[in-house]
Each structure stands twice: as C-alpha cells, then as structure tokens.
Amino acid sequence: MASDSRKSFSNIRVTQPILDRLAELHSRFLRGQRNGVRCMLYDCDLSGLNFAGLNLTDSEMTGCNFTGARLVDAKFGQARLFGARFDDADMTRTDFERADLRGSTFERADLSGALLTGADLRDNAVLDENGGREQSSTFKRAVLRGTNMKQARLKNADFSSAVLDRVDLTGADLREAAFNGAEFRNTTMEGARLEQTDLRGASFEGMDKSLFENSLAITANATRATPEFLAKALGEHKQWVLSGGREGRKADFKGLDLAERDLSGSFLAAADLSFCLLSGAKLRGAVLAAADLRSANLLRADLSGADLRGADLRETNLRDADLRDTRTGQLDNVNLFTRLAEAEAVDA
C-alpha cells in the first residue's frame, strides 16, 4: 500500500468538491497507488454533503458532523467515527462493518439496509465545557429496516421511539440499552445480551415475546392492567384530583401495558403514564391535562378531542396517532404548557 502522508484537517467546513477530492485520494490510498492519502478529518462540518457510493473504508473522521448528509451505499468499514453526528441523514445501505461509532448519534436517521455488523456503538468519553462526560450512541426516532446489527456493541444505546423492522440483532450487546416507545417488527434478537435493557413502552409485532421472559430486561408491567384494576384506579384517581389529594389515590400507570384498551373519556389529569404502552389505545375525549406521558408509546392511538394542556409528551411515540381537535397549550391558572419538543411522529 502507498505511504500514508498523515495529512489531516480539523475544525473546517468541508465543501462537496473538497470531499470528492479527499475521497479520490483515499481511494488511491486503499488501492496502494502513488500519491494516495488516507482521509483524516477531526471535528469537521460535513452536514448536507453527498457521500453516495464513496469508499471511505478505514478512514478517520472522528467528531465530524454528518447531519442531513446522504450516505447511500457509502462504505465506512473499520472507519474511526466515534463521536460523529448522523442525525437526519440518509444512510440507506451504508456499510459500517466493524466501524468505531462510539458515542455517535443517529436521531431520525434512515438506516434501512445498513450494515453495522460488529460495529462498536458503546459509550464514548467526550469533552465539553465541564471537562468531559460519557455520551451514549442514540437512535431516537430512527428508522431501521432490514438493518444488520449482528454482534454490534450497543451497551447503553438509546433507541427511544425508533422503528426496528426486520433488524438482525443476533448476538448484539444490548445491556442497559433503552427502547422506550420503540416499534419492533419481525426483529431477530437470538443470543443478544439483554441485562437491564429497558423495553417499557415498546411494541412487538411478529415476534415471540417469550424471548424476554427469562432475560434480565426491564419489561412492561402487564400483570396489573386488568379491567378491574383500571376501573378501581380511575375511580380513586378522580377522587384524588377532586379532593386536592386528600382522598383517593393518584393513578400510577407507569410502564403498564395498555395497548388497544378503550379509555375514551377517562379522567387522567396529572396521572403518571410514563413508559406506558398505549399503542392502538382509544383515548377519545380523555382528560390528560398535566399527565406525564414521557417515553410512552402512542402509536396509532386515538387521541381525538383529548385535553392535553400541560401534558408532558417528551420522547413520546406519536406516530400515526389521531390528534384531531386536541386541546394543547397552557393549563388554566397553572404555569404548565404542553411539552412536545421531542415528540414528533416518525415518518416511516
């Protein structure tokens, strides 16, 4: 292989012509040709650029910003990309086999058909104004269809509200990973490490959930959500609200499996519904003012006409939910507003 001149760039905005030239020199480096130069970028701005079809195998692009970039069919096998940002990027069929992606972010990215076999996506120490912190890899609201993540190291990764359709997670390390509000469809997880994996609020289609029964994963508390329990809890909750907390009991539905339940017209003001599985639930006209719905899964839920003033919907999966005629904004006489900052529906 040709000699690596070790020339690198840091903290610059890379333009498309510069990227194309760097890729050409890197391709020569990979083929062992004269004047080949390994692509080495540090903390550079690559946002919005077109990487489609480029071969950047064994490159070094740590801490770079790929936000909104097009990486279709690009090759980054064995590349050093820790701390990189791929938010909102099109990563269809991107090859990251055995790449170092520690602490990288993929929020709202499309990873359909991407190859991450053996990739390292564990925590990564990053520097900030306080000197340093641990940053986990995150796939919040990302779309993963047919994505190969065999043997990937995903400890502490965050897949909140992500779509995982036909993803291969065979043998992956998923310890302490979070899948709150995520959608699993025909996903393979045989041999995956699931100690303390948080699956509360996740929905499963075409999968055998017995996979989790003998694991150490944190799953929904489905045993309490009987019709009798709900009727009693709702009655006590309404009494608690109307008495100002002197009577009854506040509804604590945290982490419950309430999928497909009909809760239309229910009085759930200030109730705790965080991490709750509410996919397909009917909540038409329900009073959810000041309710805690953080990290809940409201996939295809009917919320038409519901009162959501002051409700906390951060990190909530609202994909395909019916939100017609809902009441949002400030709750009367209280300094509480509907919080939707990170609750956008996933376009999948």
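Residues numbered from 1 in each chain as written. Predicted model: local features only at pLDDT ≥ 70, side-chain atom pairs only at ≥ 80, totals over all residues. Heavy atoms only, no water.

1. As for the environment of Ser161
Then step 1. Residue placement: Ser161 occurs in the loop between strand 6 (143–145) and strand 7 (163–165).
Then step 2. Residue Ser161 is classed as buried on the basis of its relative accessible area, which comes to 3%.
Then step 3. A polar contact of 3.4 Å, which involves the side chain of Ser161, links it to the backbone oxygen of Glu315.
Then step 4. In this structure the side chain of Ser161 is engaged in a polar contact, spanning 3.5 Å, whose partner is the backbone nitrogen of Asn317. (Helix = DSSP H or I, 4+ residues; strand = E, 2+ residues; numbered from the N terminus. Buried < 20%, exposed > 50% of the residue type's maximum accessible area, 1.4 Å probe, protein only. Polar contact = N/O pair within 3.5 Å; in protein donor to acceptor, adjacent residues only side chain to side chain.)

2. Quick notes on the sheet that holds strand 3 (residues 60–62)
Then step 1. Read from one edge of the open sheet, 3 strands run 1-2-3, paired in parallel fashion. Of all the strands in the sheet, just strand 1 (9–10) and strand 3 have a single pairing partner and so form its edges.
Then step 2. Relative to strand 2 (residues 40–42), strand 1 is paired through 2 bridges, and the arrangement is parallel. Each bridged residue has a counterpart across the sheet, and for Ser10 the counterpart in strand 2 is Tyr42. (Pairing = 2+ DSSP bridges.)

3. A word on the packing of aromatic side chains
Then step 1. Scanning all chains against the criterion turns up 14 aromatic pairs.
Then step 2. Judged by centre distance (5.1 Å) and plane angle (45°), the ring pair of Phe204 and Phe212 falls under tilted.
Then step 3. The class of Phe204 is partly exposed, set by a relative accessible area of 21%.
Then step 4. Using a relative accessible area of 6% as the deciding quantity, one classes Phe212 as buried.
Then step 5. Aromatic ring contacts, followed pair by pair, group Phe51, Phe66, Phe76, Phe86, Phe96, Phe106, Phe139, Phe159, Phe179, Phe184, Phe204 and Phe212 into a single cluster.
Then step 6. Here Lys238 stacks its cationic end above the ring of Phe267, 5.9 Å away from the centre of that ring. (Phe/Tyr/Trp six-rings, centres within 6.5 Å; stacked < 30°, edge-to-face > 60°. Lys NZ or Arg CZ within 6 Å of the ring centre and 35° of its normal.)

4. Points about the nonpolar core
Nonpolar side chains tend toward joint burial in soluble globular proteins.
Then step 1. Counting residues in hydrophobic clusters, the biggest one holds 61 residues, and the most contacted among them are Phe51, Met61, Phe66, Phe76, Phe86, Met149 and Leu154.
Then step 2. In terms of residues, this core owes the most to one element, helix 1 (residues 16–31), which gives 3 residues.
Then step 3. In contact with Phe76, other than residues within four places in its own chain, are Phe51, Leu56, Thr57, Ser59, Met61, Phe66, Leu71, Leu81, Thr94, Asp95, Phe96 and Ala99. (Core = buried A, V, L, I, M, F, W, Y, C linked by side-chain atoms within 4.5 Å. Contact = heavy atoms within 4.5 Å.)

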